[in-house]
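# Summary of structural features
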Amino acid sequence: MTMTINDILREKIAGVWEGTYTVLDPGGKRLERFVSRQEGRMEGTQWTERVVYLREGQEPYEHFYHATVDGDRVDFHNGDMWGETSRVGEEAVIFSFGWNERPNERIIEVSRADGDYRTRVWQHFVDGELAKLTVIEERRVADAEPLRWDPAERGL
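For the structure given in this document, a descriptive report is provided here. Residue numbers restart at each chain and count upward from 1, following the sequence in its written direction. Where totals are concerned, whole chains, interfaces and linings use all residues; where local detail is concerned, this predicted model gives features only for residues with pLDDT of at least 70, and gives and counts side-chain atom pairs only at 80 or more. Side-chain figures throughout are based on the complete set of non-hydrogen atoms in the structure, without hydrogens or water.

## With respect to the pattern of salt bridges
Proximity of charged atoms lets side chains of opposite charge pair with each other. Put simply, the test is: Only one rule defines a salt bridge in this text: a Lys or Arg side-chain nitrogen within 4 Å of an Asp or Glu carboxyl oxygen. Per the convention used, a helix needs a DSSP run of H or I reaching at least four residues, while a strand needs a run of E reaching at least two, with both numbered from the N terminus. The buried label applies to any residue whose accessible area, calculated with a 1.4 Å probe on protein chains only, is under 20% of its type's maximum; exposed applies above 50%, and partly exposed to all values in between.
What the rule picks out here adds up to 16 salt bridges. Close ionic contact of Asp 72 with Arg 87 constitutes a salt bridge, the shortest N to O distance being 2.7 Å. Of the two residues, Asp 72 sits in the loop between strand E4 (61–70) and strand E5 (73–76) while Arg 87 sits in strand E6 (residues 81–88), which places them 15 residues apart along the sequence. We classify Asp 72 as partly exposed; its relative accessible area is 33%. Of the residues examined, Arg 87 reaches a relative accessible area of 27% and is grouped as partly exposed.

## Structural notes on the pairing of strand E7 (residues 92–99)
Quick reminder of the rule: Criterion used throughout: strands pair if DSSP finds at least two bridges between them.
Counting buried positions along E7 yields seven of eight residues, so the element is predominantly enclosed. Where E6 lies against E7, eight bridges are found, and the strand directions are antiparallel. Of the residues in E7, the one forming a bridge with Trp 82 is Gly 98. Between E6 and E7, which pair antiparallel in sequence order, lie three residues; one of them, Gly 89, sits at a positive phi of approximately 60°. Where E7 meets strand E8 (residues 105–114), six bridges bridge the pair, whose relative direction is antiparallel. Across the sheet, the residue bridging to Phe 95 is Glu 109, located in E8. Where E7 folds back on E8, the antiparallel hairpin that results is connected by five residues.

As structure tokens, this is what we get:
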């Protein structure tokens, strides 16, 4: 049986991940590097995700995401963003997304999880041209439980 996006999220991506974001210009020069913690949970068809960005010298920044996932269909409930998700076989997910307040920007993410290790690569486009790359490398936190939160309380 072929895995769906729901299966991949539930079986490979759900959990707590800690890692680093390394932001590069198109030529490969490092612009920024910071740590993060990502917590994802699939309950039925409801995917909830909390990401905490930990930049040195700054307060932690949290962002919450909510989607309904039915097989390979993903409907996002975040009003400030749009996105489309596709599956590549049973091992990778491609997520194309952007922010409503910045309509000339688009990010294409390729995500692959293998056991307790995963990578994600973002291609950032502005007006159709590559503006930067973000390489994300993460490891699953053993025995950690993702935060359970109510999307309605966050307006999602």
